[in-house]
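Residues per chain, in single letters:
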Amino acid sequence: MSVLKQGKILVTGGTGYIGSHTVVELQNNGYEVVILDNLSNSNIKVLGQIATITGKTAEFIQLDLRDKAALVEFISGEKDITGVIHFAASKSVGESVKEPLLYYDNNICTLVNLLGAFAGRSINFVFSSSCTVYGEPDVLPVTELSPVKTAESPYGNTKQIGEEILRETASAGDSLKVIALRYFNPVGAHASALIGELPNGVPQNLVPFLTQTAIGKREFLTVYGDDYNTPDGSCIRDYIHVVDLAKAHVAAIGRMKENTMDAVYETFNIGTGNGSSVLEVIQAFQRVNGVTLNFRIGASREGDIVKIWGDVDKAAANLNWKAELALDDMLGSAWAWEKYINSNPF
Ligand code: NAD
Ligand code: WQD
């Protein structure tokens, strides 16, 4: 199927987990893609995997967004970029508590450098934000108007500050349009099992630790607490398939291209609108994949919020986007990817 040339999109962090899946969806929708990544948390082999999936090769530049001079020089030569999807950042809550300056440098200074490199140009900008900005919600589901609480980690603070920088910069000028997507919990992998999450070291997040336990890389999974005020005592999250999440970015770029925004800065919750507990995820994983998981109940994890899921009606109404894939699809694809990467390490 021939697709119209839709324009050129810069994807920072495009060899990363969510970025790589978004590049696939952009290319499938006729966009030209330039990936900028310093490969600090991803592997160059992802480029070939993406090309195998889409049959198209994205331009790639290995560049650190903290290198302002190199970034300005690169962007000055890329006159036909009309949109930016900015994934590049550090994302570990725990690490951010130990290394706050690393997070302010890599998540805030890089954003400022990127905006500075595009100064004065008409750019449609999509920002990776996070439901972490809501903290522990008082009312569920959270909407985009729910209060943004004092961040519970430097990482969460960098997302709140990033949203503020973008809102103020878009409002101050007449060339920048911004959509901030507040992701809930992305999990799963592309149906081809050629791309997926590549955690560095011991995974901090539930699903990659779960799949590594199932394949035998980890002895057991610890459930961080089962005495919370929830139906089965374990924490509840809004898990969303990474492919659905990727498609939301294409929808956001499309909204800005069609100039149908209500303001120069908008935020959207990107989740399924449904909550699943840790124990429900474990049960579903075992059922879908026919695998018995070795897990134990342990102490609760400091800083964990008890329950959160999103109201996603605004995205449905304005982005013409809704999550289509269910928890079973997420966990089946996560397991297929774990088996693939275990047999074909990058
Ligand atoms: P990831 O680590 O897989 O991808 C980030 C990519 O950015 C990596 O390829 C890394 O090499 C690159 N990068 C980091 N610092 C860079 C720099 N200074 N210059 C150039 N490249 C750099 O992470 P992800 O899970 O794909 O997350 C992408 C974005 O989404 C991040 O901003 C993250 O904060 C946000 N987010 C992630 C989640 C999640 O659970 N994965 C949830 C909410 C929001
Ligand atoms: C999910 C649930 C854990 C591991 C984090 C960041 C957030 C965002 C997504 C970047 C929780 C439980 C986990 C384990 C467990 N990242 N769990 N055993 O904490 O909701 O969000 O990742 O933006 O900012 O905070 O995701 O996958 O770490 O945990 O029981 O070995 O699984 O307690 O209830 P979380 P998670």
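Residues numbered from 1 in each chain as written. Chains lettered and ligands numbered in written order. Predicted model: local features only at pLDDT ≥ 70, side-chain atom pairs only at ≥ 80, totals over all residues. Heavy atoms only, no water.

- In the nomenclature of an unreviewed UniProt entry, the protein chain corresponds to UDP-glucose 4-epimerase from the organism Mucilaginibacter gilvus.
- In the Pathway (unreviewed entry) part of its UniProt record, the protein chain is described as follows: "Carbohydrate metabolism; galactose metabolism." (UniProt positions renumbered as here; feature names shortened; annotations may be inferred.)

**Examining the nonpolar core**
As a rule of thumb, soluble globular proteins bury nonpolar side chains together.
Argument step 1. Judged by nonpolar contacts, the single largest core of 36 residues is most densely connected at Leu26, Ile179, Leu181, Ile270, Leu319 and Trp321.
Argument step 2. Listed by contribution, the elements that provide at least two residues to this core are β1 (8–12), α1 (17–28), β2 (32–37), α2 (45–54), β6 (176–183), α8 (242–257) and β11 (265–270).
Argument step 3. Counting residues per element, this core draws most heavily on α8, at 9 residues.
Argument step 4. Dropping the residues within four chain positions of it, Leu319 is found in contact with Ile179, Leu181, Ala248, Ala251, Ala252, Arg255, Phe268, Ile270 and Lys314.
Argument step 5. Within the second largest apolar cluster, 27 residues are counted, among which are Leu36, Leu111, Phe125 and Leu166. (Core = buried A, V, L, I, M, F, W, Y, C linked by side-chain atoms within 4.5 Å. Buried < 20%, exposed > 50% of the residue type's maximum accessible area, 1.4 Å probe, protein only. Helix = DSSP H or I, 4+ residues; strand = E, 2+ residues; numbered from the N terminus. Contact = heavy atoms within 4.5 Å.)

**Focus on the packing of helix α9 (residues 278–289) against helix α11 (residues 327–343)**
Argument step 1. Where α9 contacts α11, the two axes come as close as 9 Å, and the packing angle between them is 65°. Between α9 and α11, the crossing angle belongs to the class labelled roughly perpendicular. The two elements α9 and α11 cross, and the hand of that crossing is right-handed. Residues Val281, Ala284, Phe285, Arg287, Val288 and Asn289 of α9 lie in contact with α11, whose contacting residues are Leu327, Asp328, Leu331, Gly332 and Trp335. (Axes fitted to C-alpha atoms, helices over the stretch in contact; angles between N-to-C directions. Parallel < 35°, antiparallel > 145°, perpendicular 65-115°, else oblique. Left-handed = near helix turned anticlockwise from the far one by under 90°.)

**Re the packing of aromatic side chains**
Argument step 1. Summed over all chains, the structure comprises 4 aromatic pairs.
Argument step 2. With centroids separated by 6.4 Å and ring planes inclined at 85°, the aromatic side chains of Tyr103 and Tyr155 adopt a geometry described as edge-to-face. On the criterion of sequence distance, the pair formed by Tyr103 in helix α5 (residues 100–117) and Tyr155 in helix α6 (residues 154–172) is long-range, its members being 52 residues apart.
Argument step 3. A residue is classified by how much of its surface remains accessible, and Tyr103, at 0% relative accessible area, is buried.
Argument step 4. Residue Tyr155 is classed as buried on the basis of its relative accessible area of 11%.
Argument step 5. Lying over the aromatic face of Phe209, Arg218 brings its terminal NZ or CZ to 6.0 Å of the ring centre.
Argument step 6. Above the face of the Phe220 ring, Arg296 is positioned so that its terminal group lies 3.7 Å from the ring centre. (Phe/Tyr/Trp six-rings, centres within 6.5 Å; stacked < 30°, edge-to-face > 60°. Lys NZ or Arg CZ within 6 Å of the ring centre and 35° of its normal.)

**Focus on the site of ligand 1**
Argument step 1. Every one of the 29 residues lining ligand 1 counts as a neighbour, but Asp37, Asn41, Lys91, Asn106 and Tyr155 are closest to it.
Argument step 2. One of the backbone nitrogen or oxygen atoms of Ser40 is found 3.1 Å away from an oxygen atom of ligand 1.
Argument step 3. Out of a free accessible area of 820 Å², ligand 1 has 94% covered by protein chains.
Argument step 4. When contributions to the shell around ligand 1 are tallied by element, the ones reaching two or more residues are α1, α5, β5 (123–130) and α6.
Argument step 5. When residues in the shell around ligand 1 are grouped by element, the largest group, 3 residues, is from β5.
Argument step 6. A per-class count over the shell around ligand 1 returns 12 nonpolar, 12 polar and 5 charged. (Near = heavy atom within 4 Å. Polar contact = N/O pair within 3.5 Å; in protein donor to acceptor, adjacent residues only side chain to side chain. Areas by Shrake-Rupley, 256 points an atom, 1.4 Å probe, with all protein chains shown as cover. Nonpolar A, V, L, I, M, F, W, Y, C, P; charged D, E, K, R; others polar.)

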